[in-house]
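Structural overview for review
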Amino acid sequence: MSLKNLFGRLGNKLFGGLSKNVIILGIVSMLTDVSSEMIFPLLPLFLVDILRADKSVVGLIEGIAESTADGMKFIFGWYSDKVGKRKPFVLFGYALSTITKPLFALATTWQSVLGVRFADRMGKGMRVSARDVMVVSSTPKNLRGKAFGFRKMMDSLGAVIGPLLAVILLPFFVSATDPSAAYRSIFWLSAIPALLAVILIMFFVKETEPKNNNHNHYTFKGSLQHLGSNFNRLLFVSLLLALSNFSAAFLILRAHELGYGLEMMPLLYVVFNITYALFAIPAGSLSDKIGRKPVLAFGHLLFALVCLGFAFSGDGLGMWILFALYGIFLAIRETIQRAFISDIVEQDLLGTAFGTLQGAIGLAALPASLIAGILWDAYGSQAAFLFGAVVALISAVLLVLMVKEKRKG
């Protein structure tokens, strides 16, 4: 039996008709997140404890890395529409991120970490819009919520495996003479799953755009103007939520502030990613049935409650619950926003639409993380999380009032 037929049968029997491309892209996301999440739960502590960076520097690094690099999603999303090709953007984007992984192990200053984070996020900026269009063009309209949910589930499964690998491997590399040895060893090993993901894309992911595809012939400015007023309202509400959703690095630092040690950070991250994985497909499937807006609005409200919990929680069981709820929120947001866009934007502008939303959210990461870092340093952690709760609540109200549900048949 050929691999094509094998993946086709797996899609029909195990994943409710999801295509081979969607399944392989899910596996690619899983492997890439295994790699990234071996690094991310340790990186804030590496910066603070090893490189002696301030909390505000952590916010600066995360903000610049996400917002500056994610800003490229505008260009890459539009350009993939323009050329009518998706796979080259996906392949080179994942390859760039793979190259950066070992460079974390060589970092000796916070400035070098910033440079590596920027390059890693640049790779993400190159690939995500084209990848999301491939998911849409490989999936029937009535299964798009489920398809995005599947990809996010696999992404989150990788984010469970990655921290668990870090927990298992860390004790083997602890050195009494070199406190950074354990960190750097994990950073080196993280390159292996990322390389496997690139190999899968090269040989098994197929281009989804037909040869006679009627591509987008608008200029970049013209493409933005044709996305429509409803998309613009969704974009505004999503940006407002992004201002409240500062980097997860601050969740890790809050847990550390409450007494959780280095060995517990990956486990907290695992809990968050388990719920992220478990709820991605149900959230997407529910939105296929009842509509995108009510599910997305619930996600906004949930994040407001999570922020309040982080502001007032003590140590103990509460922190584990909050990380789990944060995973549910992200499962809703990351799945439903993409499915919502596929409902309200025409096919030849989807790359531009995905790039615009994701790029704008990335740009919002800079003020979001800087605000959180400044509030934390000046007034304590509660101020940062209370700010997040208030802004998330406002975004939920505006989503209900401003954005129209438009379902395509």
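Residues numbered from 1 in each chain as written. Predicted model: local features only at pLDDT ≥ 70, side-chain atom pairs only at ≥ 80, totals over all residues. Heavy atoms only, no water.

1. Points about the overall build of the chain
The helix and strand tally for the chain stands at 18 helices and zero strands. Within the chain, the fraction of its 409 residues that count as buried is 61%. Pairs at least 24 residues apart make up 86% of the contacts formed inside the chain by residues separated by at least 6 positions. Element-wise, carbon and sulfur atoms account for 69% of the exposed surface of the chain, whose accessible area totals about 15,700 Å². (Helix = DSSP H or I, 4+ residues; strand = E, 2+ residues; numbered from the N terminus. Buried < 20%, exposed > 50% of the residue type's maximum accessible area, 1.4 Å probe, protein only. Contact = heavy atoms within 4.5 Å. Areas by Shrake-Rupley, 256 points an atom, 1.4 Å probe, with all protein chains shown as cover.)

2. Considerations on the nonpolar core
Among the nonpolar cores identified, the biggest contains 124 residues, and Phe-187, Tyr-326, Ile-341 and Val-345 are the most heavily contacted of them. In terms of residue count, helix 16 (residues 317–344) provides more of this core than any other element does, 14 residues in total. With sequence-adjacent residues up to four places away left out, Ile-341 is seen in contact with Phe-231, Leu-234, Leu-350, Ala-353, Phe-354 and Leu-357. (Core = buried A, V, L, I, M, F, W, Y, C linked by side-chain atoms within 4.5 Å.)

3. Focus: the environment of Glu-405
With respect to the helices, strands and loops of the structure, Glu-405 is situated in the segment after helix 18 (381–402). When its relative accessible area of 30% is taken as the criterion, Glu-405 is described as partly exposed. Residues Glu-405 and Asp-343 lie 62 residues apart in sequence; the distance between their C-alpha atoms is 8.6 Å. With residues near it in sequence (within four places) discarded, Glu-405 still touches Gly-291, Arg-292, Lys-293, Pro-294 and Phe-340.

4. Examining the pattern of salt bridges
According to the stated counting rule, one finds 12 salt bridges in the structure shown. Here Asp-132 ties to Arg-338 by a salt bridge, and the two come within 2.8 Å at their closest N and O atoms. Of this pair, Asp-132 sits in helix 7 (residues 110–137) while Arg-338 is found in helix 16, placing the two residues 206 residues apart along the sequence. Take Asp-132: its relative accessible area is 0%, and that puts it in the buried class. The buried category is assigned to Arg-338, whose relative accessible area is 7%. (Salt bridge = Lys/Arg side-chain N within 4 Å of Asp/Glu carboxyl O.)

5. Observations concerning the packing of helix 12 (residues 229–244) against helix 17 (residues 350–379)
Where helix 12 meets helix 17, the axes come as close as 8 Å, and the angle between the chain directions of the two elements is 30°. Taken together, the axes of helix 12 and helix 17 are roughly parallel relative to one another. Here the hand of the crossing between helix 12 and helix 17 comes out right-handed. Taken together, the residues of helix 17 that come into contact with helix 12 (itself represented by Phe-231, Leu-235, Ser-238, Leu-239, Ala-242 and Leu-243) are Ala-353, Thr-356, Leu-357, Ala-360, Ile-361, Ala-364, Pro-367 and Ala-368. Looking at side-chain class alone, the contact of helix 12 with helix 17 contains 12 nonpolar, two polar and no charged residues. (Axes fitted to C-alpha atoms, helices over the stretch in contact; angles between N-to-C directions. Parallel < 35°, antiparallel > 145°, perpendicular 65-115°, else oblique. Left-handed = near helix turned anticlockwise from the far one by under 90°. Nonpolar A, V, L, I, M, F, W, Y, C, P; charged D, E, K, R; others polar.)

6. Regarding unusual backbone geometry
Positive phi, close to 60°, is recorded for Arg-52, a residue that is not glycine. Relative to the helices and strands, Arg-52 resides in the loop between helix 3 (43–50) and helix 4 (55–70).

7. Re the packing of helix 2 (residues 20–39) against helix 10 (residues 191–204)
Relative orientation of the contacting elements helix 2 and helix 10 amounts to 160°, with a least axis distance of 7 Å. The orientation of helix 2 with respect to helix 10, classified from their angle, is roughly antiparallel. When you trace helix 2 past helix 10, the crossing you get is left-handed. Packed against helix 2, whose contacting residues are Lys-20, Asn-21, Ile-24, Ile-27, Val-28, Leu-31, Thr-32, Val-34 and Ser-35, the element helix 10 presents Ala-191, Pro-193, Ala-194, Leu-196, Ala-197, Leu-200, Ile-201 and Phe-204 at the interface. In terms of residue class, the contact of helix 2 with helix 10 is made up of 13 nonpolar, three polar and one charged.

8. A closer look at the packing of aromatic side chains
What the rule picks out here adds up to 16 aromatic pairs. Their ring planes at 80° and their centres at 6.0 Å tell us that Tyr-79 and Phe-89 sit as a pair that is edge-to-face. Here the residue Tyr-79 occupies a position in helix 5 (residues 72–83), and Phe-89 occupies one in helix 6 (residues 87–100), the gap between them amounting to 10 residues. By relative accessible area, Tyr-79 is classed as partly exposed at 41%. When the ring of Phe-148 is compared with that of Phe-354, the centres are 6.1 Å apart and the planes differ by 65°; the resulting orientation is edge-to-face. Within this pair, whereas Phe-148 is found in helix 8 (residues 144–173), its partner Phe-354 is found in helix 17, the two being separated by 206 residues in sequence. For the pair Phe-148 and Phe-354, one class covers both residues: buried. An aromatic cluster is built from Phe-250, Phe-310, Phe-323, Trp-376 and Phe-385, whose rings are joined through pairwise contacts. For Arg-127, the ring lying beneath its charged end belongs to Tyr-94, and the centroid distance is 4.2 Å. (Phe/Tyr/Trp six-rings, centres within 6.5 Å; stacked < 30°, edge-to-face > 60°. Lys NZ or Arg CZ within 6 Å of the ring centre and 35° of its normal.)

9. A closer look at the side chain of Gln-358
Positionally, Gln-358 belongs in helix 17. A distance of 2.7 Å separates polar atoms of two side chains, one belonging to Gln-358 and the other to Asp-132. (Polar contact = N/O pair within 3.5 Å; in protein donor to acceptor, adjacent residues only side chain to side chain.)

10. Focus on the confidence of the model for the chain
Per-chain confidence: the chain averages 84 in pLDDT, with 89% of residues scoring 70 or above. Per-element confidence in the chain ranges from a low mean pLDDT of 55 for helix 1 (residues 3–14) to a high of 94 for helix 10. (pLDDT = per-residue confidence, 0-100.)

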